[in-house]
Amino acid sequence: MRFLCTIILVLGVWYTPQAQLPELTDEQAKQIEELLDDMTTEEKIGQLTLFTSDWDVTGPTLRGNYKEDILAGKVGAIFNAHTADYNRELQRMSVEETRLGIPLLFGYDVIHGYKTIFPISLGESASWDLEAIEESAQVAAAEAAAAGLHWTFAPMVDISRDPRWGRISEGAGEDPYLGSRIAEARVRGFQGDDLAATNTLIACAKHFAAYGAAQAGRDYHTVDMSERVLRHDFLPPFKAALDAGVQSFMTAFNELFGVPASGSHYLLTEILRDEWGFNGFVVTDYTSINEMIPHGVVADEKEAGELALTAGVDMDMQGAVFYNHLRQSLKEGKVTEAQIDQAVMRILRVKMLLGLFDDPYRYSDVQRQEETILAEAHLEKAREVARKSMVLLKNNGVLPLSKSGQKIALIGPLADSQADLLGSWHAAGSAEDAITLKTALEDMLAPSSTLLHARGCEVEGEDRSGFPEALAAARQADVAVLAVGENWWMSGEAASRSELDLPGVQLELIKAIKETGTPVVVVLMNGRPLAIPEVDETADAILETWFAGTMGGPAIADIILGDANPSGRLPVTFPRNVGQVPLYYSMKNTGRPMEPNNKYTTKYLDVPNTPLYPFGYGLGYTTFEYGEPSASAETFSEKNPVEFSVKVRNTGDRAGRETVQFYVRDLVGSVTRPVLQLKGFRQIDLEPGETKTVTFTLTTDDVAFYRRDMSYGWEPGDFELFVGPNAQDLQSVRVELTSNKKSNP
Ligand code: GLC
């Protein structure tokens with residue numbers, strides 16, 4: 001009996017079932033139309049106004065007394081207010097003490113967990129596990145919705161190829177295909193299939209658009225790109241979020257094509273509404289309407305409000321521009337009642353879908369909050385997702401460590417830091433709930449093992465006074481585990497870095513420990529790709545753990561002690577130095593592709609073009625072997641897709657998970673095409689010695705692009721299909737796309 005290997009058919013384009021897009025019943029639509037008819041202009045403008053509570057702001061607070069505004073019906077949504085009883089009281093004021101009793105909408109930045117904090121989004125993305133990512137968002141929604149919240153300002157779907165930009169930590173990395181699949185998973189996880197359920201939230205695709213392309217990686221900086229790059233690389237995850245049913249979009253701070261996103265009719269109406277058919281609402285980012293004055297496209301706030309509303313903005317976050325000026329703009333005919341009504345209806349529609357008109361207090365149940373927050377199942381899920389997010393970058397065999405009979409020196413400023421485990425945007429997460437690596441090792445090591453602990457140094461600064469104690473510990477130990485990296489606040493918003501190295505004297509500490517002769521395991525905690533070639537040369541093993549969340553310590557210990565086999569893969573390229581940036585796998589070939597022995601080809605004098613670690617890269621405690629890939633035919637066409645298969649075998653002695661990646665190159669196009677584009681991936685679990693065949697199906701949809709005349713479609717010609725464990729170690733087969741007629745119009 002021939003050993004049957006499992007055939008896995010993977011559609012090249014990931015077909016998520018078209019989300020059951022939420023829609024109002026006729027009765028519900030009639031109810032909000034009648035409500036709109038009853039509203040005064042002031043009350044309408046109130047619905048377009050979002051203010052922060054004074055409890056926990058994410059930026060400078062323009063207003064201190066939102067409660068008066070609620071009672072006057074002059075604010076329709078509040079953010080940064082949470083917990084069941086606090087929000088119930090605010091809701092009571094709006095429902096029982098205003099003329100029309102319109103319920104408030106409560107929003108918050110629940111990015112990677114509400115109270116049970118999961119790995120930062122870039123870390124979660126490194127799992128490539130869409131089910132796990134969806135489950136993470138489900139847990140976040142369940143906890144947030146139990147704490148009085150209706151709306152999260154997530155997923156952040158900004159593609160970024162510049163690790164200097166601190167907000168690369170909040171997204172899904174550099175690739176539009178992976179970023180799109182993850183955007184879908186996060187929207188599904190937050191919104192579920194019933195927005196009125198008390199364990200779901202409405203989600204918000206942000207920051208529309210191209211915020212991740214800020215020049216020089218400097219936050220809030222100018223964004224300037226061609227429309228083709230915008231549509232190929234930066235828009236797809238937003239469209240994926242929309243197709244998954246996302247109910248709100250948030251505008252970006254940056255300009256695009258010379259117009260700030262919050263004033264861009266092209267983005268907010270021509271693309272979002274006319275081309276994509278979005279029926280949710282658009283909220284601006286924090287005071288970004290006001291910021292169109294320093295951008296230099298309007299003279300004053302009143303003009304900024306008129307530009308924003310006309311462009312397609314529905315709700316003004318914290319700027320109080322609609323609140324202060326829209327009445328006058330209406331009087332002057334600079335905006336119309338119809339424009340205001342349209343924005344109001346989009347917001348009332350979502351409040352209706354959330355069930356707030358039926359029961360405005362449905363999300364403020366103290367009992368449910370107690371039962372849901374930090375539930376054991378949530379903590380276990382957070383630990384599982386954290387394990388899956390970790391990427392083994394190097395291992396000369398020193399990992400996994402034994403739990404027993406080992407003397408381990410745990411060193412470094414992040415070995416016992418609860419706060420840093422939570423990462424940026426940790427919502428209501430509390431550092432005291434986080435379990436550090438030190439605590440986890442103390443708990444998990446057998447009594448026959450010894451754990452020595454020394455801080456060694458801080459993350460930043462030149463203080464080396466802790467080195468002697470660290471070196472002494474290392475000299476006594478069988479192995480040194482160094483927990484180093486960045487502080488949590490060195491990534492996230494307003495946290496760009498001009499360097500990508502390990503801050504402070506951490507690298508010196510690693511080298512000094514290595515010189516003791518004790519093997520060194522580096523555990524990285526960081527919010528961005530770091531340029532760490534010397535760490536790679538020095539360490540015996542390197543585990544990328546990002547900021548792994550409330551259960552980060554146990555998850556790291558699970559891996560380094562061998563209870564779990566690392567399976568994470570990089571969602572973003574790690575450069576050798578900051579001078580290579582932007583460096584990403586799907587770059588163009590240029591007319592002078594690099595030739596080592598030809599000076600006059602595209603390269604540097606002082607560093608190779610290749611990254612330190614490529615996109616899709618990651619090791620495990622077992623090894624996988626790829627067979628020869630094969631295509632089902634030499635040609636394919638619009639009606640006849642081609643199947644591309646490869647056998648993958650576990651050649652090690654441990655079960656493991658491999659993420660088989662499928663890339664495509666269009667060899668000749670009417671415009672230049674990237675040397676590689678991810679078009680599919682499949683995670684397979686293999687027992688030692690087991691083989692599985694993975695098959696990808698390539699269709700003409702997968703190879704469509706914006707051609708020389710900016711029409712969208714495919715072109716016949718030769719394609720190279722690649723498969724492998726990352727964007728560098730690939731095998732390929734060539735096929736031809738034939739057409740009896742060009743798809744060009
Ligand atoms: C911030 C961020 C945005 C966040 C918002 C509300 O400035 O840019 O991502 O959702 O304000 O906190």
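Residues numbered from 1 in each chain as written. Predicted model: local features only at pLDDT ≥ 70, side-chain atom pairs only at ≥ 80, totals over all residues. Heavy atoms only, no water.

Caption draft 1: Quick peek at the overall build of the protein. Summing up its helical and strand segments, the protein has 22 helices and 28 strands in all. Relative to the compact-globule value of 27 Å for 745 residues, the protein shows a C-alpha radius of gyration of 26 Å, a close match. Projected onto the principal axes, the alpha-carbon positions of the protein cover approximately 75 × 70 × 55 Å. The buried share of the protein, taken over its 745 residues, is 62%. Here the protein displays about 26,900 Å² of accessible surface, and carbon together with sulfur accounts for 49% of that area. Averaging the coordinates of the 67 positive side-chain charges in the protein and doing the same for the 106 negative ones gives two points 4 Å apart. (Helix = DSSP H or I, 4+ residues; strand = E, 2+ residues; numbered from the N terminus. Rg over C-alpha atoms; globule rule 2.2 N^0.38 Å. Buried < 20%, exposed > 50% of the residue type's maximum accessible area, 1.4 Å probe, protein only. Areas by Shrake-Rupley, 256 points an atom, 1.4 Å probe, with all protein chains shown as cover. Lys, Arg positive; Asp, Glu negative; His and termini not counted. Charge placed at Lys NZ, Arg CZ, Asp CG, Glu CD.)

Caption draft 2: Representation of the pattern of salt bridges in the model. This structure, assessed with the given rule, holds 45 salt bridges. Here K334 and E332 are joined by a salt bridge, their closest N and O atoms 3.3 Å apart. What makes K334 partly exposed here is its relative accessible area of 45%. Residue E658 pairs with R569 through a salt bridge whose shortest N-O separation is 2.7 Å. (Salt bridge = Lys/Arg side-chain N within 4 Å of Asp/Glu carboxyl O.)

Caption draft 3: Expanded view of unusual backbone geometry. Each neighbour pair has its own omega, and for A154 with P155 the value is 10°, a cis peptide bond. Within the secondary structure, P155 sits in the loop between β5 (151-152) and α7 (176-191). Geometrically, the link from K206 to H207 is a cis peptide bond, its omega value of 0° lying close to zero. With respect to the secondary-structure elements, H207 resides in strand β6 (residues 204-208). The phi torsion at A210 lies on the positive side, around 70°, for a residue other than glycine. Along the polypeptide, A210 turns up in the loop between β6 and α8 (227-234). Although it is not a glycine, W425 adopts a positive phi angle of roughly 50°. Relative to the helices and strands, W425 resides in the loop between α17 (418-422) and α18 (437-444). On the basis of relative accessible area, W425 is assigned to the buried category, the value being 16%.

Caption draft 4: Main features of the packing of aromatic side chains. Considering all chains together, one arrives at 27 aromatic pairs under this definition. Taken together, a centroid distance of 6.3 Å and an interplanar angle of 90° make the contact between Y177 and F681 edge-to-face. Within this pair, whereas Y177 is found in helix α7, its partner F681 is found in strand β23 (residues 677-686), the two being separated by 504 residues in sequence. The class of Y177 is buried, set by a relative accessible area of 9%. One Lys or Arg, R161, reaches over the ring of Y584 and ends 4.2 Å from the middle of that ring. Between R673 and the ring centre of F705, over which it is positioned, the NZ or CZ distance is 4.1 Å. (Phe/Tyr/Trp six-rings, centres within 6.5 Å; stacked < 30°, edge-to-face > 60°. Lys NZ or Arg CZ within 6 Å of the ring centre and 35° of its normal.)

Caption draft 5: View of the domain arrangement of the protein. By the assigned domains, the protein splits into domain 1 (391-580) and domain 2 (624-737). The C-alpha centroid of domain 2 is placed 35 Å from the C-alpha centroid of domain 1. Summed over both sides, the interface of domain 1 with domain 2 buries roughly 490 Å², with 34% coming from carbon and sulfur. Three residues stand out in domain 1 for area buried against domain 2, namely N565, S567 and R569, and they jointly supply 82% of the buried area on that side. On the surface where domain 1 and domain 2 come into contact, there are 1 salt bridge. For the interface between domain 1 and domain 2, the tally reads 3 residue pairs in polar contact (both at pLDDT 80 or more). The residue inventory of the side of domain 1 that touches domain 2, partitioned by class, reads 2 nonpolar, 3 polar and 2 charged. (Domains from an automatic or database assignment. Buried area = accessible area lost by both parts, 1.4 Å probe. Polar contact = N/O pair within 3.5 Å; in protein donor to acceptor, adjacent residues only side chain to side chain. Nonpolar A, V, L, I, M, F, W, Y, C, P; charged D, E, K, R; others polar.)

Caption draft 6: Highlighting the packing of α18 against helix α22 (residues 552-560). At their nearest, the axes of α18 and α22 sit 7 Å apart, and the two run at 55° to each other. Taken together, the axes of α18 and α22 lie oblique to each other. Considering how the two elements wind past one another, α18 and α22 form a crossing that is right-handed. On α22, the residues touching L437, A440, L441 and M444 of α18 are G553, P554, I556, A557, D558 and I560. The class makeup of the residues in the contact of α18 with α22 is 8 nonpolar, 1 polar and 1 charged. (Axes fitted to C-alpha atoms, helices over the stretch in contact; angles between N-to-C directions. Parallel < 35°, antiparallel > 145°, perpendicular 65-115°, else oblique. Left-handed = near helix turned anticlockwise from the far one by under 90°. Contact = heavy atoms within 4.5 Å.)

Caption draft 7: Molecular detail of the layout of surface pockets. In this structure, the second largest pocket occupies an estimated 820 Å³ of space. Looking at the second largest pocket, it is lined by 27 residues, and the ones nearest its centre are Y584, Y585, M587, N609 and V675. (1 Å grid on protein atoms, 1.4 Å probe; cavity = no way out; pocket = protein on both sides within 12 Å on 5 of 7 lines; lining within 4 Å. Points joined across faces, edges and corners; volume = space filled by probe spheres on them.)

Caption draft 8: Fine view of the sheet that holds β23. The strand order across the open sheet built from 5 strands is β20-β28-β27-β22-β23, with neighbouring strands paired in mixed fashion. The open sheet has two edge strands, β20 (635-636) and β23, and neither has a second partner. Where strand β22 (residues 656-666) lies against strand β27 (residues 717-724), 6 bridges are found, and the strand directions are antiparallel. Of the residues in β27, the one forming a bridge with Y663 is F722. (Pairing = 2+ DSSP bridges.)

Caption draft 9: Seen up close, the side chain of Q28. Within the secondary structure layout, Q28 lies in helix α1 (residues 26-38). A distance of 2.9 Å separates a polar atom in the side chain of Q28 from the backbone nitrogen of T25. With residues near it in sequence (within four places) discarded, Q28 still touches E23 and M352.

Caption draft 10: Broad picture of the nonpolar core. In this structure, W151, F208, F249, I411 and I513 are the most contacted members of the largest nonpolar core, which totals 193 residues. Excluding its chain neighbours within four sequence positions, the residues that come into contact with F208 are L235, F238, F249, M250, T251, A252, A261, L267, L268, I271, L272 and W276. Residues V664, L686, V703 and F719 belong to the second largest nonpolar core, which totals 22 residues. (Core = buried A, V, L, I, M, F, W, Y, C linked by side-chain atoms within 4.5 Å.)

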